[in-house]
Structures are given as structure tokens and as C-alpha cells.
Amino acid sequence: ILKNIALVPFGEMGTLVNIAILLQAILLSIIILFLPLIRWRKYLPKTRDLVKPILYFGGLGLGFLFFEIYLIGKASFFLNDSMYGFSIILSCMLVFCGLGSWLAEKYLARPRLGLKWAFIIVLAWVAAVWLFLDPLLLAFVALPLLIKCLFLVAVCAPLSLALGFPFSLGLSLFRGERSRLLPWAWSVNGSFSVIATPLANITILFLGYKIILVFSLLLYIIVLLAYPSSKE
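A short tour of the structure in this document, coming up. Bear in mind the structure is a predicted one, so any value in this text is a computation, not a measurement.

### Some thoughts on the overall build of the protein
When its secondary structure is counted, the protein shows 7 helices and 0 strands. Across the protein, helices and strands are ordered from the amino to the carboxyl terminus as α-α-α-α-α-α-α. Classification of the 232 residues of the protein by burial places 42% in the buried group. A separation of at least 24 residues holds for 83% of the contacts in the protein among residues at least 6 apart in sequence.

This is the structure we're talking about:
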């Protein structure tokens, strides 16, 4: 492909770049996943007890970025400006996810309850967005810019608040002797987040935006089921 790059239509270039980035991200993620485990191999739990944390933090990395990319795409269309759409969604998600992580502290004694409440909010949000977001965006497209930005914040805030719970509740398990694996948990989440961007772009290109919502919801179901207990 590189030798014949001049023959590749310009419209296809983005797809090739996303595929190349995806393959590189998967390879690097495998390395990132196993290097800390080799370093702390003497202190590791049983192999089967590592599966849940991988599913948990990997699912969070993929699911969170899928939601973010979905919202950025919708916001960019709504505001007719990719820069505004990106900045509004990213700022909103950072602020409200941080607030959600702060509120999650109240559930440290009962983390599964906090996760269930977060999942209920995510499920309700996905259902509402699936049914109503596109018609509302079309109905409000002629409104002033400030009103449209406030509308996007109102759409983004409930989801972001809920998404702030799972990561902090998961990290709270890595205390005492398990604190050695805390950097590994961060690396799993970060590496899957890198995979999420090209994977989401390719999925949207071939299957559409709503499929991203379905995949995101499925990933958070996996997260809910894979939450590792404090004994694992």
C-alpha cells in the first residue's frame, strides 16, 4: 500500500490510517498488558483472577471512548463545527466524570450498589438518546449557539456523571498488597482507550453511529458483570 499510495483514492485514506493505527494499538496494548505482570509475577494472583480486571478496565476503556466519540460526532453535526463539538463534549465529560468519581466515594463500602446505579443511568440514557436525540438535534439546529451548547451539556452531563463511578470504584480494590498492580490497572484502561478511537471510527464508517451506542452498552454490561471482588 505504501509503495502505491498515490493510487489510493483520497476518500479511502482515512480508513487505511484507522486500520493501521488499530493494528499498532492492539500490538502495543498486548505489550503494555503483560510487561507489568512479568515485573510482579511473584505477587500475582491466579491467572483466572486476572481475567475479571482485564475485562473490567478494558471494557471501561473501550466503552467510555465509544460514548465520547459518539457524542463528539453528534455535537459536531449539531454545531456545524468539529472544534466546538469536540471541546464542548470533552470539557463536559471531564467535569462531570470527575464529579461522578467524587460522588462514588460514598459507595466504597458497597461498590456493587454504586455500579448498579451507574448502569441504570447509562441504560436509561442510551434508551432516551436512541429514541429522541436525532429528532431533537434536527428540531433545535437553528437555535443560537449558546442555547445549543447548553443543550449538549444537558445531554452529556447525566451520562458523564454515571461514567465517573466505575473507574474509581474499580481502582479502590487495589489497596495493600494489591497496590503493586494499580499501575497495571491504569495501563489496561489506557491501552484499550487507545484501541477504542480507530475501532470506533471504523465501526461508525461501516455500521453507523447507533451501533456504537449498542456496543457501548454491551461493554458496560460486561463491566458490571466483571467487577472483581476484593478477594480476587
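Next, the rest of the story.
### As for the nonpolar core
Phe 57, Phe 67, Leu 71 and Trp 125 are the most contacted members of the largest nonpolar core, which has 65 residues in total. Taken together, the elements giving at least two residues each to this core come down to helix H1 (10-39), helix H2 (48-79), helix H3 (82-103), helix H4 (111-139), helix H5 (145-171), helix H6 (182-207) and helix H7 (209-226). The leading source of residues in this core is H2, at 15 residues. What Phe 57 contacts, discounting residues up to four positions off in sequence, is Phe 167, Gly 170, Leu 171, Phe 174, Ala 185, Val 188 and Asn 189.

### Some remarks on the packing of H3 against H5
Two elements in contact, H3 and H5, have axes whose closest approach is 6 Å; the angle formed by their N-to-C orientations is 40°. Classified by the angle between their axes, H3 and H5 sit oblique to one another. Here H3 runs over H5; the crossing is right-handed. On the side of H3, the interface is formed by Tyr 84, Ile 88, Ile 89, Cys 92, Met 93, Phe 96, Cys 97, Leu 99, Gly 100, Ser 101 and Leu 103, while H5 contributes Leu 145, Cys 149, Leu 152, Val 153, Cys 156, Ala 157, Ser 160, Leu 161, Leu 163, Gly 164, Phe 165 and Ser 168.

### As for a nonpolar patch on the surface
Taken together, Trp 130, Leu 131, Phe 132, Leu 136, Leu 205, Phe 206, Leu 207, Val 214, Phe 215, Leu 218, Ile 221 and Leu 225 make up a surface patch of nonpolar side chains, about 1,200 Å² in accessible area. Secondary-structure elements contributing two or more residues to the nonpolar patch are H4, H6 and H7. In this fold, Leu 136 is placed in helix H4.

### A word on empty space enclosed by the protein
Within this structure, the stated rule accounts for 1 cavity of 30 Å³ or more. Roughly 50 Å³ of internal volume is contained in the largest cavity. Along the walls of the largest cavity sit Leu 115, Ala 118, Phe 119, Pro 166, Tyr 220, Val 223 and Leu 224, which together make up its complete lining. Of all the elements in the fold, those that place two or more residues in the lining of the largest cavity are H4 and H7. Taken together, the residues of the lining of the largest cavity sort by class into 7 nonpolar, no polar and no charged.

### Things to note about the packing of H4 against H7
Two elements in contact, H4 and H7, have axes separated by 11 Å at closest approach and are oriented at 170°. In this view, H4 runs roughly antiparallel relative to H7, as classed from their interaxial angle. In this structure, H4 uses Arg 112, Leu 115, Lys 116, Phe 119, Val 122, Leu 123, Trp 125, Val 126, Val 129, Trp 130 and Asp 134 to contact H7, whose residues at the interface are Lys 210, Leu 213, Val 214, Leu 217, Tyr 220, Ile 221 and Leu 224. Across the contact of H4 with H7, the residue classes tally to 14 nonpolar, no polar and 4 charged.

### Describing the environment of Glu 105
On the secondary structure map, Glu 105 appears in the loop between H3 and H4. Residue Glu 105 is classed as exposed on the basis of its relative accessible area, which comes to 53%. Considered as a pair, Glu 105 and Leu 169 are 64 residues apart in the sequence and their alpha carbons are 7.8 Å apart.

How each quantity is defined
Residues numbered from 1 in each chain as written. Predicted model: local features only at pLDDT ≥ 70, side-chain atom pairs only at ≥ 80, totals over all residues. Heavy atoms only, no water. Helix = DSSP H or I, 4+ residues; strand = E, 2+ residues; numbered from the N terminus. Buried < 20%, exposed > 50% of the residue type's maximum accessible area, 1.4 Å probe, protein only. Contact = heavy atoms within 4.5 Å. Core = buried A, V, L, I, M, F, W, Y, C linked by side-chain atoms within 4.5 Å. Axes fitted to C-alpha atoms, helices over the stretch in contact; angles between N-to-C directions. Parallel < 35°, antiparallel > 145°, perpendicular 65-115°, else oblique. Left-handed = near helix turned anticlockwise from the far one by under 90°. Patch = residues over 30% accessible without salt bridge, like charges linked within 9 Å, V, L, I, M, F, W, Y side chains within 5 Å. Areas by Shrake-Rupley, 256 points an atom, 1.4 Å probe, with all protein chains shown as cover. Salt bridge = Lys/Arg side-chain N within 4 Å of Asp/Glu carboxyl O. 1 Å grid on protein atoms, 1.4 Å probe; cavity = no way out; pocket = protein on both sides within 12 Å on 5 of 7 lines; lining within 4 Å. Points joined across faces, edges and corners; volume = space filled by probe spheres on them. Nonpolar A, V, L, I, M, F, W, Y, C, P; charged D, E, K, R; others polar.

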